[in-house]
Amino acid sequence: MTPPPSSPSAPPGHACQVFPAECIYVIHGVNAGDGLGGAQDVCLGDIYALEEAAQPLRLILSHEASGTKDTQRVAAGSQIGQPGDAIRLEARYTLMAPDGDKIDLLLMRLQSGLGVVLPMSPMSALADYTLVAIDDAPEPVQLAELLCVSFARGTMITLADGRQHPIEDLRAGDKVLTRDHGPQPLRWLGKATLRAQGVFAPVVITSGTLGNAGDLIVSPHHRIFLYQRQKRAGLQTSELLVQAKHLIDDERVFQREGGFVDYYSLVFDQHEIIYAEGVPAESLMVNDATLSRLPVALAEDVKARFPGLAQVQHFGTEASRQFLDEVGREALYSPPRRGGDER
């Protein structure tokens with residue numbers, strides 16, 4: 001029996017932007033002209049493109065737990081599907097762009113049979129993507145976990161008194177050293193355990209690469225803060241924010257796949273730059289947009305703890321993969337001092 005539609009006053013679910021599967025189609029290969037299909041219908045090596053006129057659709061998912069079974073359903077406010085429709089994760093695909101950057105696509109199937117695709121990274125209609133990996137039995141993923149990931153278990157965080165403390169042992173109220181606002185109390189510590197594959201595989205920044213005493217292990221989209229003492233062409237500011245995945249050179253920085261990884265994220269009163277293994281890195285940013293992507297219980301908890309919280313992103317130039325390819329990653333490996341003296 002189909003559950004009743006969600007009430008408009010119900011707490012928000014997980015919001016994401018998806019494309020109808022037919023909008024991502026093969027432009028060259030065995031399945032030329034076909035939209036992205038199930039794992040049994042696709043072929044490695046086929047080259048895909050996103051339709052130039054394709055517009056992302058808002059999909060809001062609610063999470064329903066019953067015993068040992070978890071079900072994700074379409075929630076009210078979605079631009080696709082009917083409220084209450086069950087939705088399942090059917091396959092995970094890894095595609096590679098011409099510049100070598102990889103993007104994971106999640107193929108989800110609505111109760112009506114309609115296939116929708118969730119790109120785990122921005123996808124451009126101007127680029128071609130080669131299918132390089134197929135996972136036809138992906139582990140169910142809570143979309144909100146993507147937002148909560150940050151630092152891996154064991155990451156040493158600099159406290160207000162300069163001591164280094166394992167992130168998993170932090171507690172709300174602990175004073176953490178921040179770059180711009182000095183000691184700040186930790187408001188919330190989130191955790192997500194994920195299979196370390198594809199977009200969830202952690203990036204390892206090896207010891208010494210950025211002045212870090214130990215390996216710094218973070219989620220691929222987590223941004224590292226770098227302060228450049230020398231002006232470089234193309235930079236509007238000396239403050240640079242770099243997604244960890246863009247630092248990968250397969251020597252000093254690499255992605256580690258296999259097994260599971262425990263990710264932890266930190267929330268403060270403001271979006272902060274903290275010190276992880278001595279390296280400046282961002283905290284989890286929380287505002288109305290990100291709250292809508294958190295699990296309902298967590299979103300309500302954060303709202304109750306921080307009514308009216310609307311954090312603003314830390315100022316800095318966002319460095320793209322193309323920019324790093326042009327200037328060279330080695331140019332960024334100027335180790336900052338531990339504890340915040342890089343300014």
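Residues numbered from 1 in each chain as written. Predicted model: local features only at pLDDT ≥ 70, side-chain atom pairs only at ≥ 80, totals over all residues. Heavy atoms only, no water.

- In the nomenclature of an unreviewed UniProt entry, the protein corresponds to Hint domain-containing protein from the organism Pseudotabrizicola algicola.

1. Overview of the overall build of the protein
Part 1 of the reasoning: Broken down by element type, the protein carries four helices and 24 strands.
Part 2 of the reasoning: Evaluated residue by residue, the protein yields a buried proportion of 51% over its 343 residues.
Part 3 of the reasoning: Across the protein, every contact between residues at least 6 apart in sequence was considered, and the portion connecting residues at least 24 apart equals 64%. (Helix = DSSP H or I, 4+ residues; strand = E, 2+ residues; numbered from the N terminus. Buried < 20%, exposed > 50% of the residue type's maximum accessible area, 1.4 Å probe, protein only. Contact = heavy atoms within 4.5 Å.)

2. Points about the environment of His271
Part 1 of the reasoning: Positionally, His271 belongs in the loop between strand S21 (260-267) and strand S22 (273-276).
Part 2 of the reasoning: A distance of 2.9 Å separates the side chain of His271 from the side chain of Glu282, its partner in a polar contact.
Part 3 of the reasoning: A distance of 3.3 Å separates a polar atom in the side chain of His271 from the backbone oxygen of Ser283. (Polar contact = N/O pair within 3.5 Å; in protein donor to acceptor, adjacent residues only side chain to side chain.)

3. Description of the pairing of strand S6 (residues 86-96)
Part 1 of the reasoning: Where S6 meets strand S7 (residues 102-110), nine bridges bridge the pair, whose relative direction is antiparallel. Bridge assignment links Met96 to a residue of S7, and that residue is Lys102.
Part 2 of the reasoning: Hairpin connection between S6 and S7: a loop of five residues separates the two successive antiparallel strands, and Gly100 in this loop has a positive phi of roughly 95°.
Part 3 of the reasoning: In the sheet, S6 pairs with strand S9 (residues 129-135) via five bridges, with the strands oriented antiparallel. Paired with Thr94 across the bridge in S9 is Ala133. (Pairing = 2+ DSSP bridges.)

4. Looking at the side chain of Glu168
Part 1 of the reasoning: Following the sequence through the fold, Glu168 ends up in the loop between strand S12 (164-166) and strand S13 (175-178).
Part 2 of the reasoning: A polar atom in the side chain of Glu168 sits 2.9 Å from the backbone nitrogen of Gly154.
Part 3 of the reasoning: Setting aside residues up to four positions removed in sequence, Glu168 forms contacts with Arg153, Gly154, Leu189 and Tyr264.

5. Description of the nonpolar core
Part 1 of the reasoning: The biggest cluster of nonpolar side chains holds 27 residues, and the ones touching the most others in it are Phe151, Ile205, Leu216 and Ile224.
Part 2 of the reasoning: Residue assignment for this core shows that the elements contributing at least two residues are strand S16 (203-205), strand S17 (216-218), strand S18 (223-227), strand S19 (239-243), S21, S22 and strand S23 (279-282).
Part 3 of the reasoning: Those residues in contact with Leu216 that lie beyond four places of it in its chain are Phe151, Thr155, Val203, Val204, Ile205, Ile224, Ala276, Glu277 and Val279. (Core = buried A, V, L, I, M, F, W, Y, C linked by side-chain atoms within 4.5 Å.)

6. Quick word on the pairing of S9
Part 1 of the reasoning: In the sheet, strand S3 (residues 47-50) pairs with S9 via two bridges, with the strands oriented antiparallel. When the sheet's bridge partners are listed, Ile47 is paired in S9 with Thr130.

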